[in-house]
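These are the residues of each chain, in order.
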Amino acid sequence: GAPPGACRIGVSGANAARAATLAEEFCAAGTRALVSAGVSGALDPMLAPGDIVEAETTLLLDGSAYAAGQGLSAPDPESGARRCALLGVDEVIATTAAKAALFARSKAVAVDIETHSVARIAQRFGVPYFAVRAIADPADRALPKSALSAISADGGVRIAPVLLSAARRPAEFAQLIKLGGDQKTALAALGVHLGPFLRGLLLRLNLL
């Protein structure tokens with residue numbers, strides 16, 4: 001296996017600032033590569049829950065772009081993964097109109113809150129970054145308001161606030177159930193894809 005300290009895991013909890021802090025700590029400790037892994041929202045209407053995307057580039061709305069690390073093998077065609085542009089934002093994109101506008105503006109296929117922070121820190125320290133994300137909500141579905149504050153700082157789900165919010169919006173319970181199912185599908189797909197991806201990266205870095 002990898003030598004002690006070769007791999008470190010941090011949970012940013014859908015928080016761009018925390019993702020940056022963790023990435024900086026890892027780089028200061030001598031990490032040789034950063035990986036952003038988790039779930040994303042789709043901007044491309046062709047993507048469905050459970051689809052896997054790997055960053056070729058991470059784009060920001062100010063026009064900045066961060067090229068992801070190169071040299072790993074192409075995604076396994078059987079996995080359905082695609083290497084493409086991701087969009088980095090600091091807040092959840094909740095509405096279908098906002099997703100459509102960002103897709104038209106950026107041409108990125110998916111959006112998340114952590115990867116651009118990881119990419120920025122990687123560039124500062126001169127190390128490669130990679131991103132593997134699973135689609136959890138499609139472009140044609142809005143996120144229920146009850147779900148917007150669901151993620152805690154440690155990456156867990158704050159059940160009580162979600163339920164209290166949904167109690168004030170009973171129509172959202174069905175949406176929350178659907179969202180939960182999509183999240184489960186996304187995490188299952190990520191679990192299948194991430195192991196081989198990380199093994200390939202560790203082999204490339206001579207850590208296996």
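Since the structure is predicted, the reported quantities are computational estimates derived from the model, not experimental observations.

Analysis parameters
Residues numbered from 1 in each chain as written. Predicted model: local features only at pLDDT ≥ 70, side-chain atom pairs only at ≥ 80, totals over all residues. Heavy atoms only, no water. 1 Å grid on protein atoms, 1.4 Å probe; cavity = no way out; pocket = protein on both sides within 12 Å on 5 of 7 lines; lining within 4 Å. Points joined across faces, edges and corners; volume = space filled by probe spheres on them. Helix = DSSP H or I, 4+ residues; strand = E, 2+ residues; numbered from the N terminus. Nonpolar A, V, L, I, M, F, W, Y, C, P; charged D, E, K, R; others polar. Core = buried A, V, L, I, M, F, W, Y, C linked by side-chain atoms within 4.5 Å. Buried < 20%, exposed > 50% of the residue type's maximum accessible area, 1.4 Å probe, protein only. Contact = heavy atoms within 4.5 Å. Pairing = 2+ DSSP bridges. Phe/Tyr/Trp six-rings, centres within 6.5 Å; stacked < 30°, edge-to-face > 60°.

Asks: Go over empty space enclosed by the protein with me, naming the residues and quoting the values.
Replies: Scanning all chains against the criterion turns up 1 cavity of 30 Å³ or more. The computed volume of the largest cavity comes to approximately 50 Å³. As for the largest cavity, its lining consists of Asp137, Arg141, Ala142, Leu143, Pro144, Gln175, Leu179 and Asp182. For the lining of the largest cavity, the leading source of residues is helix H5 (residues 172-204), giving 3 residues. Looking at the lining of the largest cavity residue by residue, the classes come out as 4 nonpolar, 1 polar and 3 charged.

Asks: Please set out the nonpolar core residue by residue, giving values where relevant.
Replies: Grouped together as the largest cluster of nonpolar side chains are 25 residues, with contacts concentrated most on Leu34, Leu47, Val53, Leu86, Val109, Ala110 and Tyr129. Listing elements by their share of this core, those giving two or more residues are helix H1 (16-28), strand S1 (34-42), strand S2 (52-60), strand S4 (82-88), helix H3 (115-125) and strand S6 (129-137). Those residues in contact with Leu34 that lie beyond four places of it in its chain are Ala23, Phe26, Cys27, Val118, Ala122, Val127, Pro128, Tyr129 and Phe130. Residues Ala33, Leu190, Phe197 and Leu201 belong to the second largest nonpolar core, which totals 14 residues.

Asks: Would you mind going over the side chain of Asp182 in detail, with residue names and values included?
Replies: Note that Asp182 resides in helix H5. Excluding residues within four positions of it along the chain, Asp182 makes contact with Pro49, Ala136, Pro138 and Arg141.

Asks: Tell me about the pairing of S2, and please be specific about residues and values.
Replies: Taking burial as the measure, the 9 residues of S2 include 8 buried ones, the bulk of the element. Two strands pair when backbone bridges link them, and S2 and S6 are joined in this way by 3 bridges, in the antiparallel orientation. Of the residues in S6, the one forming a bridge with Glu54 is Val132. Two strands pair when backbone bridges link them, and S2 and S4 are joined in this way by 7 bridges, in the parallel orientation.

Asks: Any details on the packing of aromatic side chains? Residues and values, ideally.
Replies: Applying the stated criterion across every chain, the model contains 1 aromatic pair. Consider the rings of Phe130 and Phe197, whose centres lie 6.2 Å apart with planes at 70 degrees: the pair is edge-to-face. Taken as a pair, Phe130 in strand S6 and Phe197 in helix H5 lie far apart in primary sequence, 67 residues in all. We note that Phe130, like Phe197, is buried.

Distances and angles like these do not, on their own, reveal function.
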